[in-house]
Protein chains: 2
Amino acid sequence: MDRIEKMEIRASLAKGEKEVELVLKNCKIINVFTHEIHENDIAINNGKIIGFGDYKAKKYIDVKGKYVSPGLIDSHMHLESTLVTPQRLAEIVVPNGTTTIIADPHEIANVLGVKGINYLIDSSKDIPLNIFFMIPSCVPATSFEDTGATIDYKDTQELLKKDLVLGLGELMDYPSVINGDKEILKKMELAKRKIVDGHAPGLMNKELNAYMINGVKTDHECATIEEMKERLNRGMYVSIREGSASKDLKNLIGGVNEYNYRRCLFCSDDKNPEDLINKGHINYNVKLAIESGIDPITAIQMATINASECYRLRDIGGIAPGYDADLLILNDLKTFDIHSVYKKGKLVYNDNKILFETRDIVDESVRNTVNIADVDIKDLVLKLDSDIAYVIGVKPFSLITEKALRKVSINEKGEYINNEYLDICKMAVIERHHATGKVGLGLVENFNLTNGAIATTISHDSHNLVVLGDNDKDMLVAINRIKEINGGIVIVRDNEVKAELKLDIAGLITDIPLKNVEEKLSEMLEYSFDELKINRKINPFMTLSFMSLPVIPSLKLTARGLFDVDKFEFINVSKK
Amino acid sequence: MDRIEKMEIRASLAKGEKEVELVLKNCKIINVFTHEIHENDIAINNGKIIGFGDYKAKKYIDVKGKYVSPGLIDSHMHLESTLVTPQRLAEIVVPNGTTTIIADPHEIANVLGVKGINYLIDSSKDIPLNIFFMIPSCVPATSFEDTGATIDYKDTQELLKKDLVLGLGELMDYPSVINGDKEILKKMELAKRKIVDGHAPGLMNKELNAYMINGVKTDHECATIEEMKERLNRGMYVSIREGSASKDLKNLIGGVNEYNYRRCLFCSDDKNPEDLINKGHINYNVKLAIESGIDPITAIQMATINASECYRLRDIGGIAPGYDADLLILNDLKTFDIHSVYKKGKLVYNDNKILFETRDIVDESVRNTVNIADVDIKDLVLKLDSDIAYVIGVKPFSLITEKALRKVSINEKGEYINNEYLDICKMAVIERHHATGKVGLGLVENFNLTNGAIATTISHDSHNLVVLGDNDKDMLVAINRIKEINGGIVIVRDNEVKAELKLDIAGLITDIPLKNVEEKLSEMLEYSFDELKINRKINPFMTLSFMSLPVIPSLKLTARGLFDVDKFEFINVSKK
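In this text the structure is predicted, and so the values were computed from the model without any measurement. (Residues numbered from 1 in each chain as written. Chains lettered and ligands numbered in written order. Predicted model: local features only at pLDDT ≥ 70, side-chain atom pairs only at ≥ 80, totals over all residues. Heavy atoms only, no water.)

(A) Region of the structure containing the state of the cysteines. All names here are of chain B. For the structure shown, the criterion picks out 0 disulfides over all chains. Cysteine Cys-264 remains unbridged, with the sulfur of Cys-222 as its closest cysteine sulfur at 9.1 Å. Unpaired in this structure, Cys-310 has its nearest cysteine sulfur neighbour in Cys-264, at a distance of 11 Å. The buried category is assigned to Cys-310, whose relative accessible area is 4%. (Disulfide = S-S within 2.5 Å. Buried < 20%, exposed > 50% of the residue type's maximum accessible area, 1.4 Å probe, protein only.)

The structure is reproduced here in structure tokens:
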């Protein structure tokens, strides 16, 4: 049926000339356009809301006076942080009321470039969840790492033509934006008819003016009410983030008032499997906001129509004729307890049961991304010029590391050797995209890892292979196992793989259910703490995944060597 | 300078590295994003707001604590009703604070088609006023008239590609929309990525559902709060109209509240020269709203950011870095008294003085549109089959006419002759676009026109030549004079042209100053009342201009003959 025929049928149905597929009777409709509750029936056909009123239908469902909300929108999310495919993610977030996600596929783009983004776009079809995309603006994030791919001007230009692409992703490289770097400005100019997302933690006053003057329209990095207000005052939309790493909602919600809320949205940014399962998704932002004193309808507006307006979505985020029938039936408004979820008019979640199936992934080419040159145990030997070395000092609950000087043990050849009395481990970063053979070696303290090794292919932003251990043999076993399984997280002890999570899609995500991922990760975390004696104040997997990001102070390790972020240069591990 | 260079310079200026062109000091900035007042300086360069704060500038202007508002937006206007070109219109509306108009060039499109629209688009360049366009959706409005041109599917498709074109104009033909007429749906489908304007007076419930289900996003035809609420509840934007013919603001403003106002806009629709001069433009809507109890900042939001959001304008409608520096300095907030106007950073109006000049129109091809076959006095003879005739009954202050049966005088040949004791005149509609020679003849009562004739080329929607008189000789003189001057309004008495307003651009507008138009019209109106003894309850020019519109009940005359709108068919003047 062509589009015009569909339009004809819709008009006829709306007039009441034919039976619609479904009528939800006795709804308390949460009207996000007017901040009111209306008692009415909702007629639905072929995924669309046909109208309010008394319609004849093939099927009636009496919701018995329950509240009906539009489906929720996450205005900024890195899907890859959930460790699962869009299909698997839908199984978790849809029951939590999310029907639309605006994704920034920054991680997969660093591994697979355009191909990775297209894989996610393709995977987002045929699931009961809209996924829109922002094109990552900073791939690679720095020139001090080896990424798997880049997203250049031409790529950006092509990707921006796609319907599901809403604009340019978070401009993390805010110095370049402020300083008018031509390459970044050119990308911004490309996206000028779409949306350009910001990412400007702490920027204020003139720097903020300079950051946004060329079209940055959103920011989700506010940590204080002052930052939020400075942005709202300048006409930016502020997305209030409640993620796994960054939890800003309670700090910011006090700055939301009846007049500025129309430009406040919700996002999760990065959300791990555990939090998704235990806390939920954007419904958690809604709940927290209500608990913090925000009117429930206002909170729902922030999670729906406000995001729709900001990102210029069409027919999403409200309950009205012509809108997608993405609807949540609530058991209770104040606790935002979701009884059932309709996606494009289909009941996809009801009374604690998921009612949809997702198709398999067919694109095998995204599964073989761990391409490393053979690593010999000799490659892990760290030669020092002295026994005084720079060590990366890990701090609990922080991505920032310390640059520490420590006396370490070396053998007669000047090679670093592990000393069981010191809380220092060896770390290696192995370029894993193009088998260049690059191996960066360094030292890390405060992990307290004992008798074993942990390896992961999640390492922001380039996602090379990072391995940490107190002995080279276990490290090598871990490296080889990662290669075998095409990416993921591996724990080795006594030359044996003791636990692993295979993340064979781009080395970042998997297509097993999120619940299984969460269980596996939980077991692995327990093993790390119980057997490897890892410092319980540190999540080893998450911490390792940021050890390679040379834009966060103070000392990081890439496949090219030890990087002093404060000096912005590579340094020798040994203090000569 | 290319775009990227401009962006570089902007970023540098915003950082404060160079002097900006202008700083407005000590502003009370009306923040339409947050509904707050901020005291700050505004830095401006090359048409853009660079930032707030302490900037070095080549020039400082101290506004001494005055309020600064964004320029106002008329969200729906037929420019042609002002009788002047965009250049001349700017001279009037800019001092009234309008910096953006969303125009629906329905009238000129009926005369000149795509060429007429392109002429207006071209004329809107180089004036201190943004004019965006909606493509008229209903040209011709009916199949019972002869228009000068049509806007078909292909034309619509091409025009929608233009940057200044925001979408599809008001869907006046609501029966076709509701009934799923393929031709209108096809145009709507074309515009689905832009905005589709509605026009649905009185439609409610299921008919309203059917009207909007295929993407109609706005309506400016609400006359009651009930209508307005039905539309807001369904996610439509409601533009509150205060024009010359339709004055809805006082009826609707009571329905605006703190929660739904974000989806309420202002428009004028049709505004005549007299009202523009005496009352103003969108500032008049703002003033009336404030007088009716709306908070001044809320009223300003409705006139600025709300329209910008609805029509997805970029960098217009607010005061923020990167936005166009379209600014109004107010003497007083509550009376919205405008002291000066900046358009893209240039002072264009200050202290009752206009500070801009407009360029001349160069396109002569839009001036020769009165193309009529020679009319002989015999062509004005109305033959009747009896002395009982259907007469168009004009009513004061209404576009609706009555279908009256009257006994009239005829001569021995059965030809209608004027009877000085009856308030009945002859009316002729002469096809004037393609010299087809079509002349429609009919009778009209209640004008009380005595000893003379009035002719006009403004006659909705086809804008053929309409002439009214009590004697054929004066009517003929008027017709010939209209032909000579290429359109306008002409008054004839005793075979002499007594007064005229030349509207030689499309027969609809002129490039003389609006003030002169208003003076001329005023004199002509006086002449009509004083000398032609026209019924003072009727504005003869406006009334005549709607005598030919066969979509408004009950009886109208087109070049094809007398049309019974209720029966939707042509009828004979004489009751046989």
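From this point, things continue past the structure.
(B) View of the packing of aromatic side chains. Taken as a whole and assessed by the stated rule, the structure comprises 12 aromatic pairs over all chains. Both rings, one in Phe-33 of chain B and one in Tyr-323 of chain B, keep their centres 5.5 Å apart while their planes meet at 70 degrees; by these two values the pair is edge-to-face. In this pair, Phe-33 of chain B sits in the loop between strand 1 (20-31) and strand 2 (36-45) while Tyr-323 of chain B sits in the loop between helix 14 (305-310) and strand 14 (327-332), placing the two residues 290 residues apart along the sequence. Each member of the pair Phe-33 of chain B and Tyr-323 of chain B is classed as buried. Centroid distance Phe-144 of chain B to Phe-563 of chain B: 4.4 Å. Interplanar angle 35 degrees. Geometry classified as tilted. Here the residue Phe-144 of chain B occupies a position in the loop between strand 8 (130-135) and helix 5 (153-159), and Phe-563 of chain B occupies one in strand 29 (residues 561-564), the gap between them amounting to 419 residues. Overall, Phe-563 of chain B belongs to the buried group, its relative accessible area being 0%. An aromatic cluster is defined as three or more aromatic residues linked by ring pairs; in this entry it consists of Phe-144, Phe-563, Phe-568 and Phe-570 of chain A. If you follow Lys-206 of chain B out to its NZ or CZ, it ends over the ring of Tyr-55 of chain A, 4.6 Å from the centre. (Phe/Tyr/Trp six-rings, centres within 6.5 Å; stacked < 30°, edge-to-face > 60°. Helix = DSSP H or I, 4+ residues; strand = E, 2+ residues; numbered from the N terminus. Lys NZ or Arg CZ within 6 Å of the ring centre and 35° of its normal.)

(C) Main features of the relation of the copies chain A and chain B. Rotating chain A by 180 degrees about the axis while translating it 0.0 Å along that axis superimposes it on chain B, leaving an RMSD of 0.0 Å. Expressed as an axis order, the relation between the two copies is that of a two-fold axis. Comparing contact sets, 100% of the residues at the interface of chain A also lie at the interface in chain B, consistent with an isologous, same-surface contact. (Least-squares fit on C-alpha atoms with pLDDT ≥ 70 in both. Contact = heavy atoms within 4.5 Å.)

(D) Representation of the sheet that holds strand 26 (residues 488-493) of chain A within the structure. Residues and elements named next belong to chain A. Ordered in space as 19-18-23-22-25-24-26-27, the 8 strands form an open sheet in which the pairing is mixed. The sheet is open, and its two borders are formed by strand 19 (402-407) and strand 27 (496-502), each paired with just one other strand. Recorded for the sheet is a direction-independent mean angle of 30 degrees between the axes of neighbouring strands. Looking at chain direction, strand 18 (residues 388-393) and strand 23 (residues 439-445) are connected through 2 bridges and run parallel. (Pairing = 2+ DSSP bridges. Axes fitted to C-alpha atoms, helices over the stretch in contact; angles between N-to-C directions.)

(E) Region of interest: the interface of chain A and chain B. In this complex, chain A contributes 66 residues to the contact, which on the side of chain B involves 67 residues. Taken over both partners, the interface formed by chain A and chain B buries close to 6200 Å², and the fraction arising from carbon and sulfur atoms is 50%. Considering only the surface of chain A that becomes buried against chain B, Ile-213, Arg-262 and Arg-314 of chain A emerge as the three largest contributors, covering 13% of it. In this assembly, chain A and chain B are joined by 12 salt bridges. Residue Asp-315 of chain A pairs with Lys-217 of chain B through a salt bridge whose shortest N-O separation is 2.7 Å. Where chain A touches chain B, the interface holds 37 residue pairs in polar contact (both at pLDDT 80 or more). Secondary structure elements with two or more residues in the side of chain A that touches chain B: helix 1 (3-15), strand 2 (36-45), strand 3 (48-52), helix 6 (174-178), helix 7 (182-190), helix 8 (205-212), helix 9 (225-233) and helix 14 (305-310) of chain A. (Buried area = accessible area lost by both parts, 1.4 Å probe. Salt bridge = Lys/Arg side-chain N within 4 Å of Asp/Glu carboxyl O. Polar contact = N/O pair within 3.5 Å; in protein donor to acceptor, adjacent residues only side chain to side chain.)

(F) Representation of the pattern of salt bridges in the model. Considering all chains together, one arrives at 74 salt bridges over all chains under this definition. For Arg-241 of chain A, the salt bridge identified is with Asp-248 of chain A, shortest N-O distance 2.9 Å. Neither residue differs from the other here; Arg-241 of chain A and Asp-248 of chain A are each classed as buried. Asp-326 of chain A is the salt-bridge partner of Lys-343 of chain A, the closest N and O atoms lying 3.1 Å from each other. Of this pair, Lys-343 of chain A sits in strand 15 (residues 337-343) while Asp-326 of chain A sits in the loop between helix 14 and strand 14 (327-332), and the two are 17 residues apart along the sequence. Across this residue pair, the class does not change: Lys-343 of chain A and Asp-326 of chain A are buried. Put simply, Lys-48, Asp-315 and Asp-324 of chain A together with Lys-217 of chain B are held in one network by salt bridges that share partners.

(G) Quick peek at the sheet that holds strand 7 (residues 98-103) of chain B. All names here are of chain B. One open sheet accounts for 8 strands, arranged 6-7-8-9-10-11-12-13; its pairing is parallel. Two strands bound the open sheet, and with one partner strand each, they are strand 6 (72-77) and strand 13 (264-267). Strand-to-strand twist in this sheet, taken as the mean axis angle between neighbours without regard to direction, amounts to 30 degrees. In the sheet, strand 7 pairs with strand 8 via 4 bridges, with the strands oriented parallel. By the bridge assignment for strand 8, Thr-100 is matched with Asn-130. Against the sheet, helix 9 (residues 225-233) contacts strand 11 (216-219), strand 12 (237-241) and strand 13, and its axis sits at roughly 150 degrees relative to strand 12.

(H) Structural view of the environment of Asn-539 of chain A. Residues and elements named next belong to chain A. Of note, Asn-539 is situated in the loop between helix 16 (514-530) and helix 17 (540-545). Note on Asn-539: relative accessible area 32%, which makes it partly exposed. Separated by 143 residues in sequence, Asn-539 and Pro-396 have C-alpha atoms that sit 8.4 Å apart. A polar contact of 3.0 Å, which involves the side chain of Asn-539, links it to the backbone nitrogen of Phe-541.

(I) Spatial organisation of the packing of helix 1 of chain A against helix 8 (residues 205-212) of chain B. Between helix 1 of chain A and helix 8 of chain B, the shortest axis-to-axis distance is 7 Å and the interhelical angle comes to 165 degrees. Taken as axis vectors, helix 1 of chain A and helix 8 of chain B run roughly antiparallel relative to one another. Handedness of the helix 1 of chain A/helix 8 of chain B crossing: right-handed. Contacts between helix 1 of chain A and helix 8 of chain B involve Ala-11, Ala-14 and Lys-15 of chain A from the former and Lys-206, Asn-209 and Ala-210 of chain B from the latter. For the contact of helix 1 of chain A with helix 8 of chain B, a count of residues per class yields 3 nonpolar, 1 polar and 2 charged. (Parallel < 35°, antiparallel > 145°, perpendicular 65-115°, else oblique. Left-handed = near helix turned anticlockwise from the far one by under 90°. Nonpolar A, V, L, I, M, F, W, Y, C, P; charged D, E, K, R; others polar.)

(J) Structural view of the packing of helix 12 (residues 282-291) of chain B against helix 13 (residues 296-303) of chain B. Residue and element names in this part refer to chain B. Contact geometry of helix 12 with helix 13 gives a least axis separation of 9 Å together with a crossing angle of 150 degrees. The orientation of helix 12 relative to helix 13 falls into the category roughly antiparallel. As helix 12 runs across helix 13, the sense of the crossing is right-handed. From helix 12, Ile-282, Val-286, Ala-289 and Ile-290 reach across to helix 13, where they touch Pro-296, Ala-299, Ile-300 and Ala-303.

(K) View of unusual backbone geometry. The linkage connecting Pro-553 of chain A with the following residue, Ser-554 of chain A, adopts the cis geometry, with an omega of 0 degrees. Looking at the element boundaries, Ser-554 of chain A is found in the loop between helix 17 and strand 28 (555-558). Across the junction of Val-139 of chain B and Pro-140 of chain B, the peptide omega takes the value 5 degrees, indicating a cis bond. Its location among the elements puts Pro-140 of chain B in the loop between strand 8 and helix 5. Phi is positive for Ala-506 of chain A, close to 65 degrees, though the residue is something other than glycine. For Ala-506 of chain A, the position within the fold is in the loop between strand 27 and helix 16. Here Ala-506 of chain A falls in the buried class, since its relative accessible area comes to 0%. Unlike most non-glycine residues, Phe-336 of chain B shows phi in positive territory, near 50 degrees.

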